[in-house]
Structure formats: structure tokens, C-alpha cells
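Here is what each chain is made of, one letter per residue.
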Amino acid sequence: MEENGRFCADDGNVIVERVLDWFYEQGIQVLTDPRFRDFITRLSSAQSPVKSMKQTVPLSEFCDILDSHPMANAVINSHLIVEDMASFRSNVEDAFESVRSDNSGNITTYIPGLSTYDVNKWSVSFCSTDGQIISLGDCDDTFTMQSVTKPIMYGITCDLIGSAEVHKYVGRAPSG
């Protein structure tokens, strides 16, 4: 672990709450992300028996836990794809808010799932390749994906069989 006092109490032990807060600040949903299940289990079993938000783990034991969990180590040491999550989140929030009130365009009426959708719903979610997540707006509401899936399926298919093979069957045109 890089030398950093941000997680330690005055006695040198690691405060678990500070560790969890750091994960969330980095966009990692540590308590629900299955990649960190073992990390959380080991962190919980290493804590003192007193149950409180200020529970601590001896620094040496915390380092042992990190050594056995490379992804947690990457989060603690800020070795993630989005290095400055606070600035990135701020930029995403600014972009989200800048277009929130844009009501231009028309609702598609020939697709039942779209014609009944609430036009005032607005959300965006981002997930990095490291699992850093930002979700804003009505992100817990369900919606119909429709054509949004096309570029995803195109990318997956190109990855699986190659773009040359895909373009034997699917055309392409420059946008702009």
C-alpha cells in the first residue's frame, strides 16, 4: 500500500469506514460488487469485535488483505482507468445537466414501448472497464432499449468474428 494516512487512525490502525468511503469516492460499489466479496469478508473478519462505523483493522493485517486482492489494491492506490473520479464525475454531471431540459424532437409513436414512455424521464450511467460507476437521474427506472442495442451487438459481433466478416452482411456509411 502506498504510504497514505487517509485511512489510519491516530494509533496507526486502518479505519474501515474511511476505506469504504474511498471505494465509493472512486466509483466502486464495494459492498455490492461481487469482485470484492472476499475482500469485504476478510476485512469484516479482521475488525475488532466492537461494532461501530469507526471499526479498525491493524495496518499490517490490512496490507495482507490488500496483497491478496489485486483489484482492491488498485482502488486503494488509485490505479484505476479513471484516475480522477471526482473531476470526471463533475464533468459527467455538468454534461447531464446541460442537456436535461432539451425537449426537442418527437416521441416515436409506431413502437408501443416508446410511445407510452414518460418524456420527462432522464438518466445516464457510466461504467469504466474497472467497474467505476456513475449513475444520474432516473437510472433506477426501467426502459425499452430498442435501437440502443445495435451498436453494442455490432461491437460484440465484430469482436467475435471480425469486422471483415461482419461487413460481408452488414453495410456501413460515414456519419456526419
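Residues numbered from 1 in each chain as written. Predicted model: local features only at pLDDT ≥ 70, side-chain atom pairs only at ≥ 80, totals over all residues. Heavy atoms only, no water.

## A closer look at the pattern of salt bridges
How we decide: Note on definitions: salt bridges are taken to be side-chain nitrogens of Lys or Arg within 4 Å of carboxyl oxygens of Asp or Glu. Secondary structure elements are defined from DSSP: runs of H or I of at least 4 residues count as helices, runs of E of at least 2 residues count as strands, and each element is numbered from the N terminus. Whether a residue is buried, partly exposed or exposed follows from its accessible area with a 1.4 Å probe, protein chains only, as a fraction of its type maximum: under 20%, in between, or over 50%, in that order.
Evaluated as defined, the whole model comprises five salt bridges. Across the salt bridge formed by R89 and E93, the nearest N and O atoms sit 3.4 Å from each other. With R89 and E93 both in helix α5 (residues 85-100) and four residues apart, this pair spans about one turn of that helix. The class of E93 is partly exposed, set by a relative accessible area of 32%. The residue K168 makes a salt bridge to E165 at a minimum N-O spacing of 3.0 Å. When its relative accessible area of 27% is taken as the criterion, E165 is described as partly exposed.

## What about the pairing of strand β4 (residues 133-137)?
What counts here: For two strands to be treated as a pair, DSSP must find at least two bridges joining them.
Pairing between strand β3 (residues 123-127) and β4: five bridges, direction antiparallel. Within β4, the position partnered with S125 by the bridge is S135. Connecting the antiparallel pair β3 and β4 is a turn made up of five residues, with G131 showing a positive phi of about 90 degrees.

## Focus on the environment of V99
Mapped onto the elements of the fold, V99 is located in helix α5. Looking at V99, the relative accessible area reads 37%, which means it is partly exposed. Through-space distance from the C-alpha of V99 to that of W122 is 9.6 Å; in sequence the pair is 23 residues apart.

## Things to note about helix α1 (residues 16-25)
Condition: Whether two residues touch is decided by their heavy atoms; if any such pair falls within 4.5 Å, the residues are in contact.
Of the residues making up α1, those classed as buried are V16, E17, V19, L20, W22 and F23. Along its buried surface, α1 packs onto β1 (14-15), α2 (37-46), β2 (56-57), α3 (59-67) and α4 (70-76). Count one or two residues on from α1 and you reach G27, which has phi positive near 85 degrees.

## Focus on the nonpolar core
Here is the rule: We define a nonpolar core as any set of buried Ala, Val, Leu, Ile, Met, Phe, Trp, Tyr and Cys residues linked to one another through side-chain atoms lying within 4.5 Å.
V19, F23, F36, F39 and F62 are the most contacted members of the largest nonpolar core, which totals 25 residues. Those residues in contact with F36 that sit more than four places away from it in its chain are F23, I28, V30, H69, M71, A72 and V75. In terms of nonpolar packing, the next biggest core, distinct from the first, is built from six residues, M85, V92, I134 and L136 among them.

## Focus: unusual backbone geometry
Within the chain, S78 stands out as a residue other than glycine whose phi angle is a positive 55 degrees. You can see S78 is positioned in the loop between α4 and α5.

## What about helix α7 (residues 149-161)?
The line we're drawing: Working rule for helices: expected span equals 1.5 Å times residues minus one.
Between its terminal C-alpha atoms α7 stretches 18 Å, which fits the 18 Å expected from 13 residues at 1.5 Å a residue. Backbone geometry just downstream of α7 places G162 in the positive-phi region, at approximately 95 degrees.

## What about the packing of α2 against α3?
In a pair of packed helices, the angle between the axes and the distance between the axes together describe the arrangement. In plain terms, the rule: Throughout, an axis means a line fitted to C-alpha atoms (over the contacting stretch in the case of helices), and angles, computed between N-to-C directions, take values from 0 to 180 degrees. Any angle from 65 to 115 degrees is called roughly perpendicular, while one under 35 is roughly parallel, one over 145 is roughly antiparallel, and all others are oblique. Rotating anticlockwise by less than a right angle from the far helix to the near helix defines a left-handed crossing, while the corresponding clockwise rotation defines a right-handed one. Each residue gets one label: Ala, Val, Leu, Ile, Met, Phe, Trp, Tyr, Cys and Pro are nonpolar, Asp, Glu, Lys and Arg are charged, and the others, such as Gly, are polar.
Where α2 meets α3, the axes come as close as 10 Å, and the angle between the chain directions of the two elements is 165 degrees. By the criterion of interaxial angle, the relationship of α2 to α3 is roughly antiparallel. α3 is crossed by α2, and the crossing has right-handed handedness. Facing F39, R42, L43 and A46 of α2, the residues of α3 in contact are E61, F62, D64, I65 and L66. Within the contact of α2 with α3, the residues separate by chemical class into six nonpolar, no polar and three charged.

## Considerations on the environment of D84
On the secondary structure map, D84 appears in the loop between α4 and α5. For the pair D84 and V14, spaced 70 residues apart in sequence, the C-alpha separation works out to 23 Å.

## Some details on the packing of aromatic side chains
Which entries qualify depends on this criterion: Under the pairing criterion, centres of Phe, Tyr and Trp rings, with the six-membered ring standing for Trp, must be within 6.5 Å; the plane angle then separates stacked pairs below 30 degrees from edge-to-face pairs above 60, leaving the rest tilted.
The tally for this structure, following the rule as stated, stands at five aromatic pairs. Ring geometry for F7 against W22: centres 6.2 Å apart, planes inclined by 80 degrees, an arrangement best described as edge-to-face. With F7 in the segment before β1 and W22 in helix α1, the pair connects residues that are 15 residues apart, well separated along the chain. Like W22, F7 is buried.

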